[in-house]
Amino acid sequence: APKKLVDALEIVRGAEKDPGRELGLLRRLMDLSATQLGDAARAYGYGGKVFSRAPGDAENRRMMAMLADQLDKPDDWAVQLSEAETAADKRGETTLARDLGWDLGQLFDARLGMPNDAEQAYKRVLARDEAYEDAQIALVQLYSVNERWQDLRSLLEGKKARALDA
């Protein structure tokens, strides 16, 4: 029955002209594919379509990260996040670009084991929002784990100078 429902919703989605309703159908298809069909690859495909239309949807990004992990596709998810971050930045959507950069930094740091890329992502987050505490903490941890004491000192001195200016 779930397979038939997914197929029927796919037909409806194909005929849907309203972008908002189509987005809702894509979200439903993603959920059904993941939970009822147990088809992570199909769910990831639907999630990618949702992401390309609504990159600000934090819940969808969380699901995409989980599915990418399950499918062993963190590299693909990193590319999608990176492209969306660049596009948001070009459109002047600073908050969205910051959030996408944060997700990307977390992915590089925790899943891909790429500390240099994680550092660059966290620095972009802070360039867009210097008070973003999570990115500051992540950089402190990154510098501490890798024994980069001079970078840690510079980061903390910068934070102290901003606090004194406030």
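Structure first, text after, so check above.
Quick caveat, the model's predicted, so the values are computed rather than measured. (Residues numbered from 1 in each chain as written. Predicted model: local features only at pLDDT ≥ 70, side-chain atom pairs only at ≥ 80, totals over all residues. Heavy atoms only, no water.)

A. Summary view of helix α8 (residues 133-145). Between its terminal C-alpha atoms α8 stretches 18 Å, which fits the 18 Å expected from 13 residues at 1.5 Å a residue. For α8, the full list of buried residues reads A135, Q136, A138, L139, L142 and Y143. Within α8, the buried residues cover an arc of 160° as seen down the axis, which keeps them to one side. Just beyond α8, the residue with positive phi is E147, at close to 50°. (Helix = DSSP H or I, 4+ residues; strand = E, 2+ residues; numbered from the N terminus. Expected span 1.5 Å × (residues − 1). Buried < 20%, exposed > 50% of the residue type's maximum accessible area, 1.4 Å probe, protein only. Arc of directions from axis to C-beta.)

B. Summary view of the packing of aromatic side chains. Per the stated rule, a full pass over the model turns up three aromatic pairs. Summarising the aromatic geometry, the rings of W102 and Y122 are spaced 5.4 Å apart at their centres and angled 40° between planes, so their arrangement reads as tilted. Linking W102 in helix α6 (residues 94-111) with Y122 in helix α7 (residues 115-128), this pair joins segments that are 20 residues apart in sequence. Both residues of the pair, W102 and Y122, count as buried. These aromatic residues form a ring-pair network of at least three members: W102, Y122 and Y132. (Phe/Tyr/Trp six-rings, centres within 6.5 Å; stacked < 30°, edge-to-face > 60°.)

C. Summary view of the pattern of salt bridges. According to the stated counting rule, one finds 17 salt bridges in the structure shown. Ionic pairing is found between R21 and E16, a salt bridge with its closest N-O pair at 3.4 Å. For R27, the salt bridge goes to D57, with nearest N and O atoms at 2.7 Å. Of this pair, R27 sits in helix α2 (residues 19-35) while D57 sits in the loop between α3 (40-53) and α4 (58-70), and the two are 30 residues apart along the sequence. Given a relative accessible area of 34%, R27 falls into the partly exposed group. For D57, a relative accessible area of 16% translates into the label buried. (Salt bridge = Lys/Arg side-chain N within 4 Å of Asp/Glu carboxyl O.)

Nothing here speaks to function; it is all geometry.
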